[in-house]
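# Overview (structure and organization)
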Amino acid sequence: MSFSVRLALVTFLAALLLPGALLAQETLCADGVDNDTDTFTDCLDGDCVTDAACASEDFDGDGVINSLDPEPLLSAFCGDLDGDTCDDCWQNDGPDTDNDGICNATDTDDDGDGFDDTLELQCLTDPVSFNPTLPDNDFDGICDNLDPDDDNDGWDDVDELACSSDVFVPTSVPADVDTDSICDPIDPCVDVDGDGIGTGAGTGTGCLASIVDIDDSTTSLCGDSDLDLCEDCLSASFDPANDGPDFDSDGLCNAGDPDDDNDGWTDQDEIVCGGFDTLDASVMPPDADGDGVCDALDGCADNDGDGVGTGLNGNLGCATALISDSDDTNPNICGDSEPDTCEDCSSGTWDDFNDGPNNDGDNLCNAGDPDDDNDGFTDVDEGLCNSDPLDAASVPPDADGDGICDILDGCLGGDVDGDGLCDDTDDCIDSDGDGLGDGTLGNVGCVNATTDSNTGLSVVCADTDIDTCDDCTLGLGWDPANDGPDTDGDGLCNGGDADDDGDGIPDIVEVGAGDPDGDGIPSDQDTDSDGDGIDDIVEGTNDADGDGILDAYETDSDDDGIPDSVEGSGDADGDGIPNYADT
């Protein structure tokens, strides 16, 4: 039992047995007087158990005098005189399964069966249940749970389990076709003929190659791991580097080596490029542009490597066949295939989509593109009509939709707000840019149809939500939801909101209350004015104790001496009156 539990028990018993003990103490323990008036005198009072005058007494009656008793107030605890770690007075000194006088807590053989408790736990037997023997299938003196080979058949239990044989039957052994003492399912290389290549059984991680032996009965046949058409085990063991004639000693036999002389030209190319010797590295096909394709077969003779050819063989293998390189010694110059006036190889290789700045990605660089943003208006017209020629979203106003911007068409009535729309067709003439118009055409194109009260100031426009605050007061355009401080976020600025904090108590009432909880927030802005943890909207305008102070402003609404913060807003007796207001 933990110290904290014992302390709690001592405290409880003291309070139960010694009335007033927690309030007063017996100060003199040999004067024959009940000093603390708890009806117990001197050594009969628990206050005196540690006093020298009472050292030889046994207050708790457990047979151990106070001076030797570590818990003189509790008869259930008296110490461990026999040194077995169990308290002599607690539950008869603790459980003792084999009745040998040593409690189980320190008894190494709790059940007295001759087997140590630790060994029994390791052998999966019950240390408090007498067991004359331990499980031992092969009678070798090692219990089964600790025995690596329970049936003594020479195969570890772990291997037998992995290889599906019975760990308790000596005649049940795993399959081992290559007799390497590693059962087949976990054998890293099941290799009967010993050539280093396995049958495909087992894990295969220990074989010399991942291929499966095509004939595991002979060491001279196994397969072709390097795919050079020659038998890798020709030498009676796996050796793909010596599996046949190899002129260039690259590990691939000639029969399967695409380049027997290792001159960089395949045997096939050397033959079709003019019958060059496939076994002579000093004789190679001509390749003027050094691209690895002989001139006879090269579909793109490209000396500067920009992807545009000289015209040889029709440039059929080049990046483009539309043009021949205008300067085949400079990769940054080749020509203009679109044409768009920009050099196609300006990046060092032919790329007609990236031959210069190209705003709309239409294969024509800006320099040669008549409409850089592809919005239907030419760059020239956009410059004259005050729209951005590089922004497809910026198009000139064209009221009559004839493809000619209004400026070029002519605005008979002018353009007061300078938005590019002629006034005679502009359904939102907004001179100060605050979002509200001057009333022309009903302001149907504006953010709100209300007419601007001041078309010269962007911070003055109207009060559409009738909250006494101008909707443009922040100078960020018409925004009635952000037209001034709004404590309760109800869309009405405090200036026109009769209940700023939305707690159901009018501001005219709350202003007079000041700041009851002293948190620096006035009541008309504070949702819990008295700081009792109960929102004002719950306490409302009620006055439970009739003292003239609303419940929302006092911390003991029913004047019962219990703070509202303790009583809370629940209803313990279910009478419909919340606890903080119920006496």
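Our subject in this report is the structure included herewith. (Residues numbered from 1 in each chain as written. Predicted model: local features only at pLDDT ≥ 70, side-chain atom pairs only at ≥ 80, totals over all residues. Heavy atoms only, no water.)

A count of helices and strands for the protein gives 9 helices and 0 strands. Over its C-alpha atoms the protein spans a radius of gyration of 51 Å, topping by over 25% the 25 Å that the globule rule assigns to 583 residues. Counting across all 583 residues of the protein, residues that qualify as buried make up 36%. Taking the intrachain contacts of the protein between residues at least 6 apart in sequence as the baseline, contacts between residues at least 24 apart amount to 17%. Of the roughly 30000 Å² of accessible surface on the protein, a fraction of 57% belongs to carbon and sulfur atoms. (Helix = DSSP H or I, 4+ residues; strand = E, 2+ residues; numbered from the N terminus. Rg over C-alpha atoms; globule rule 2.2 N^0.38 Å. Buried < 20%, exposed > 50% of the residue type's maximum accessible area, 1.4 Å probe, protein only. Contact = heavy atoms within 4.5 Å. Areas by Shrake-Rupley, 256 points an atom, 1.4 Å probe, with all protein chains shown as cover.)

Under the criterion given, the structure shown has 15 disulfides. Note that Cys189 is cross-linked by a disulfide to Cys207, the S-S spacing being 2.1 Å. Across the S-S bond of Cys189 and Cys207 the torsion is about 105 degrees, and the bridge reads as right-handed. In this pair, Cys189 sits in the loop between α3 (157-162) and α4 (267-272) while Cys207 sits in the loop between α3 and α4, placing the two residues 18 residues apart along the sequence. Residue class for Cys189 comes out buried when judged on its relative accessible area of 12%. With relative accessibility at 15%, the residue Cys207 sits in the buried group. (Disulfide = S-S within 2.5 Å.)

Before going further, it helps to spend a moment on the side chain of Asp582. Checked against the element boundaries, Asp582 lands in the segment after α9 (564-567). Overall, Asp582 belongs to the buried group, its relative accessible area being 18%. Apart from the residues within four sequence positions on either side, Asp582 is in contact with Asp558, Asp560, Glu567, Asp573, Asp575 and Ile577.

What follows deals with unusual backbone geometry. Looking along the chain, the bond that leaves Glu338 and enters Pro339 is cis, with omega of -10 degrees. Tracing the backbone shows Pro339 in the loop between α4 and α5 (379-384). Here Asp42, not a glycine, exhibits a phi torsion of approximately 50 degrees, which is positive. Given a relative accessible area of 13%, Asp42 falls into the buried group. In this model, Ala236 sits at a positive phi of 80 degrees, which is unusual for a non-glycine residue. With respect to the secondary-structure elements, Ala236 resides in the loop between α3 and α4.

Bringing the environment of Asn254 into the picture now. When you line up the elements, Asn254 lands in the loop between α3 and α4. Judged by relative accessible area, Asn254 falls into the partly exposed class, the value being 23%. Separated by 10 residues in sequence, Asn254 and Gly244 place their C-alpha atoms 7.5 Å apart. What Asn254 contacts, discounting residues up to four positions off in sequence, is Pro245, Asp246, Phe247 and Asp260. A polar atom in the side chain of Asn254 sits 2.9 Å from the backbone nitrogen of Phe247. (Polar contact = N/O pair within 3.5 Å; in protein donor to acceptor, adjacent residues only side chain to side chain.)

For the rest of this paragraph, the subject is the environment of Ile549. You can see Ile549 is positioned in the loop between α8 (536-539) and α9. Owing to a relative accessible area of 38%, Ile549 belongs among the partly exposed residues under this scheme. Not counting residues within four places of it along the chain, the set of residues in contact with Ile549 comprises Asp543 and Glu554.

Turning our eyes to something else, we now look at the environment of Ser346. For Ser346, the position within the fold is in the loop between α4 and α5. On the accessibility criterion, Ser346 (40% relative accessible area) is partly exposed. Residue contacts for Ser346: discarding those within four places in its chain leaves Asn332, Asn354, Asp355 and Gly356.

Residue position: Asp524 is located in the loop between α7 (507-510) and α8. Excluding residues that lie within four positions of it along the chain, Asp524 makes contacts with Asp500, Asp501, Asp507, Glu510 and Val511.

Shape descriptors only; they carry no functional weight alone.
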